[in-house]
Amino acid sequence: MCGIVGYTGTRQAGPILIGGLEKLEYRGYDSAGISINDGNGIKIAKALGRLAMLEGITDGGRKLRGTAGLGHTRWATHGRPSDANSHPHLSQTGRIAVVHNGIIENYRVLKEMLINRGRVFVSETDTEVATQLIDFYYEGDLLRAVHRAMNDIEGAYALGIMCADDPDTLIAVRKQAPLIVAYGEGENYFASDVTAVLEHTKRVSYLSDGEIAVLTPGEVKFYDSFLQPVEKQVEIIDWDVSAAEKGGYEHFMIKEILEQPRALRDTVSPRIRDGKIVFEGIELDADYIRGIDWIYIVACGSSYHVGVVAKYNIERIVRKPVQVVLASEFRYSEPLVTGNTLAIMISQSGETADTIAALREAKRLGARTLAIVNVVGSTIAREADDVLYTWAGPEIAVATTKAYSTQLAVTYLLTLYFAECCGRITESELAAYLEELNRIPDKLEEICSKREHVQYLASLYFSADNIFFIGRNIDYALSLEGSLKLKEISYICSEAYAAGELKHGTISLIEDDTPVVAVMTSRRLMEKTASNAEEVKARGARVLAVTTESLRKEAERVADNVIAIPDSSDMFLPSLAIVPMQLFSYYVAVSRGCNIDKPRNLAKSVTVE
Ligand code: G6P
């Protein structure tokens, strides 16, 4: 949940570290800090609040002189956000500085041991324990000290470490938290993810669990958990730096919403060839798919909501049972897995701690695993039996939009592929579906071009204290995401309900002027949801309907305001309907003056349990 970065080379480290942290701020942003060895020991600057505070007090990193250092942007786990709890942490002797992403689970025991040996702590963090422990073991060889400390530490971590005695050397280690090493000319880097270094280099290596990297300006050496040297493959990132920049938009979120037509094309087009779905590099053959008796979809947050949509589609079209489970629940639920169980993990980052744990649990129990992931080379992508990438490009806004949409698109392809393998659709039906799917990006462009209407509607609803979302079936799945999008960035209390369930309690919350977003894209269920909209209207609610062009008239009869999306087959409607809901949340949050790209208390990549 935090971002770490390290640089060693010949240039001044400060501005490079601050530049890297700017790209990592999406991972956490309650405080930030850098440490640099200026030749007279390690100097540290840290500041509570956004990175801009740190930039201010260090003149963009220039005030700390030196060519090697560490940077950190924090999302608090142990100890509230404060200067003292910010990273980098310095050991009592001033010799060792550490930045950390993750959680050290046995920090209390280690802290007690160190206190008994005379160490004094100045923060409430688990990271300071790691710092003091490395210092405790340090006898002139930093690598050995780090290795001994790793043997004691339990939990998940990516650590960046520097030692006053060896100003040019950085050590980076990883256990269940993302970490990459990147190579420049006469300079090297490590970081929580590639966006932090993209403006300097595109050559990177991914560390595996338990691996240690020792970086100097001229080289990077890798070791396994037994300190045996390891050879790492160098990979070339094909993202453009501009993909991780705002490109003239006021916020990443709106940029990413408007990128969705392109993102969907990139995700879908290469996988349709001559009227067939082609999944390159995955090994799920037709025989295996026919034999599947149970599908789990496991994910967190918006990725979980994609799973809920996929369940409706897979069960309706493939006729196989699907259970969608929150990753944090799956891992402790003693799931029922047979040799014919397929577990699909959905994750934008590929680094969500609960989803990683669920993946490992599913594998341990004998399930075959398939990951739908955006970040290439991430832990989930590497550990799953098969992986389908979503090709959304880097997503920076904390509230996901284009990653959600491309995940949905992959689930459509998967549903159709399964249906074909199981003989549930004919060739001509498949062709018709694929033709329709190919047209979705154009329809998305049309929706985006009409965003002013949504902006106007947002101006009517932005001052609400509570907003409800209702829908049935796949429209309910969409409501879950529409509601989450709104609450996470606007801080309006918002709940999604299966429309038919409302009357069993929740309807008592409806009073004069309570806004209710009624998602009514399904022709089959239109009448039913319209009746539920009538019920809330009769109790004073203001109803905003999200529907299709062909259902507009029916929607207008019950709703105060209507957003109509182009028609499409039921299966793909979520892709169209979610965009106005994303835009609605965006404009509501803008009207309320919220921090759009970095909502309070959130982080994009949740690498703690
Ligand atoms: C965080 C993000 C959400 C995301 C969820 C799961 O809460 O803010 O946008 O849906 O994590 O993340 P993943 O990377 O596994 O999709």
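What counts and what doesn't
Residues numbered from 1 in each chain as written. Predicted model: local features only at pLDDT ≥ 70, side-chain atom pairs only at ≥ 80, totals over all residues. Heavy atoms only, no water. Domains from an automatic or database assignment. Near = heavy atom within 4 Å. Polar contact = N/O pair within 3.5 Å; in protein donor to acceptor, adjacent residues only side chain to side chain. Areas by Shrake-Rupley, 256 points an atom, 1.4 Å probe, with all protein chains shown as cover. 1 Å grid on protein atoms, 1.4 Å probe; cavity = no way out; pocket = protein on both sides within 12 Å on 5 of 7 lines; lining within 4 Å. Sits in = over half its atoms within 2 Å of the grid points. Helix = DSSP H or I, 4+ residues; strand = E, 2+ residues; numbered from the N terminus. Nonpolar A, V, L, I, M, F, W, Y, C, P; charged D, E, K, R; others polar. Pairing = 2+ DSSP bridges. Right-handed = clockwise from strand over helix to strand, strands pointing away. Expected span 1.5 Å × (residues − 1). Buried < 20%, exposed > 50% of the residue type's maximum accessible area, 1.4 Å probe, protein only. Axes fitted to C-alpha atoms, helices over the stretch in contact; angles between N-to-C directions. Core = buried A, V, L, I, M, F, W, Y, C linked by side-chain atoms within 4.5 Å. Contact = heavy atoms within 4.5 Å. Points joined across faces, edges and corners; volume = space filled by probe spheres on them. Salt bridge = Lys/Arg side-chain N within 4 Å of Asp/Glu carboxyl O. Arc of directions from axis to C-beta.

S.K.: Before we go on, may I ask you to explain the domain arrangement of the protein in this structure?
M.R.: Domain boundaries in the protein define domain 1 (3-237), domain 2 (245-449) and domain 3 (451-591). Centre-to-centre separation of domain 1 and domain 3, based on C-alpha positions: 45 Å.

S.K.: How should the site of the ligand be read in this particular structure?
M.R.: By nearness alone, 13 residues border the ligand, and S303, S347, Q348, S349 and T352 come closest of all. The contact in question runs from an oxygen atom of the ligand to an N or O atom on the backbone of S302, over 3.0 Å. Interatomic distance of 2.5 Å between a side-chain N/O atom of T352 and an oxygen atom of the ligand. Across the complex, the protein chains shield 89% of the 380 Å² of accessible surface that the ligand would expose by itself. When each cavity is represented as a set of grid points, the ligand is found to reside in the second largest pocket. Residue contributions to the shell around the ligand peak at three residues, all from helix α9 (residues 301-317). Looking at the shell around the ligand, its residues break down into four nonpolar, eight polar and one charged.

S.K.: Honestly, the pairing of strand β19 (residues 322-326) in this entry has me stumped. Any pointers?
M.R.: For a regular strand, side chains alternate in direction, first toward one face of the sheet and then toward the other. Of the strand pairs in this sheet, strand β18 (residues 294-299) and β19 are connected by five bridges, and their pairing is parallel. Its bridge partner being in β19, V298 is matched across the sheet by V325. For the handedness criterion, the β-α-β arrangement of β18, α9 and β19 is classed as right-handed.

S.K.: What is the right way to read helix α13 (residues 402-421) from this model?
M.R.: Note that an α-helix has 3.6 residues per turn; residues three or four places apart therefore point the same way. Here α13 contains 20 residues, and its C-alpha end-to-end distance of 29 Å stays within 8% of the 28 Å for a straight helix at 1.5 Å per residue. Of all 20 residues in α13, 19 are buried; the element is thus mostly enclosed. Backbone geometry just downstream of α13 places G423 in the positive-phi region, at approximately 70°.

S.K.: I keep staring at the sheet that holds strand β25 (residues 515-520) and nothing clicks. Help me out?
M.R.: Reading across from one edge, β24-β23-β25-β26-β27 is the order of the five strands in this open sheet, with parallel pairing throughout. Two strands close off the open sheet at either side, each with one partner strand: β24 (493-498) and β27 (561-565). For this sheet, the mean inter-axis angle between neighbouring strands, taken without regard to orientation, is 20°. Pairing geometry for strand β26 (residues 542-548) and β27, over five bridges, is parallel. What sits directly across from L544, in β27, is N561.

S.K.: Explain the nonpolar core to me, please; I cannot follow it from the model alone.
M.R.: In a soluble, globular protein the nonpolar side chains are often hidden away together inside. With 96 residues, the main nonpolar core has I289, I295, I297, L342, I344, L416 and F584 as its most contacted residues. Taken domain by domain, the makeup of this core includes at least three residues from each of domain 2 (245-449) and domain 3 (451-591). The residues contacting L342, other than those within four sequence positions of it, are L284, Y288, I292, W294, I295, Y296, R368, L370 and F418. Residues I104, V146, Y157 and I161 belong to the second largest nonpolar core, which totals 31 residues.

S.K.: Is there a simple way to explain the layout of surface pockets in this structure?
M.R.: Any empty space left between atoms is shown by rolling a water-sized probe over those atoms. The volume enclosed by the largest pocket comes to roughly 670 Å³. Around the largest pocket, the lining is made up of 36 residues, and of these V194, W239, N374, V375 and V376 lie nearest the centre. Formed jointly, the lining of the largest pocket draws a minimum of three residues from each of two domains, domain 1 (3-237) and domain 2 (245-449). Mapped onto the lining of the second largest pocket, the elements with two or more residues apiece are α9, β20 (341-347), α11 (353-364), α13 and α16 (474-490). By residue class, the composition of the lining of the second largest pocket is 13 nonpolar, 11 polar and five charged. The residues that make up the lining of the second largest pocket include at least three from each of domain 2 (245-449) and domain 3 (451-591).

S.K.: Could you clarify how one ought to interpret the pattern of salt bridges in this entry?
M.R.: Where charged atoms from two side chains of opposite charge come close, those side chains can pair. The full count for this structure, using the stated rule, is 37 salt bridges. K23 serves as the salt-bridge partner of E199, at 3.8 Å between the closest nitrogen and oxygen. Here the residue E199 occupies a position in the loop between β10 (188-191) and β11 (203-206), and K23 occupies one in helix α1 (residues 13-24), the gap between them amounting to 176 residues. E199 sits in the partly exposed class, given a relative accessible area of 47%. Assessed through its relative accessible area of 14%, K23 is described here as buried. Residues E25 and K598 are paired through a salt bridge, measuring 3.2 Å at the closest nitrogen-oxygen approach. Residue E25 is found in the loop between α1 and β2 (31-37), and its partner K598 is found in the segment after α19 (573-591); the two are separated by 573 residues along the sequence. An identical accessibility class is assigned to E25 and K598; each is buried. The network of salt bridges with common partners includes K255, E259, R262, D266 and K402.

S.K.: Would you mind going over helix α2 (residues 51-58) with me for this structure?
M.R.: Listed as buried for α2 are L51, L54 and T58. Buried residues of α2 fall within an arc of 60° about the axis and therefore sit on the same side. Structural note: α2 exposes A52 and G56 on the side pointing more than 90 degrees away from its buried face. Residues of α2 that are buried sit in contact with α1, β2 and β3 (42-48). D59 lies just past α2 and shows a positive phi near 50°.

S.K.: Teacher, can you tell me more about the pairing of β11 here?
M.R.: Alignment of strand β9 (residues 180-183) against β11, held across three bridges, turns out to be antiparallel. Within the sheet, the bridge partner assigned to A182 lies in β11 and is V204. As paired strands, β11 and strand β15 (residues 235-236) are joined by two bridges and run antiparallel to one another. Within the sheet, the bridge partner assigned to V204 lies in β15 and is E235.

S.K.: What am I meant to see in the environment of E556 here?
M.R.: The topology assignment puts E556 in helix α18 (residues 552-558). Given the relative accessible area of 38%, E556 is considered partly exposed. In sequence terms E556 and V376 are 180 residues apart; their C-alpha atoms lie 45 Å from each other.

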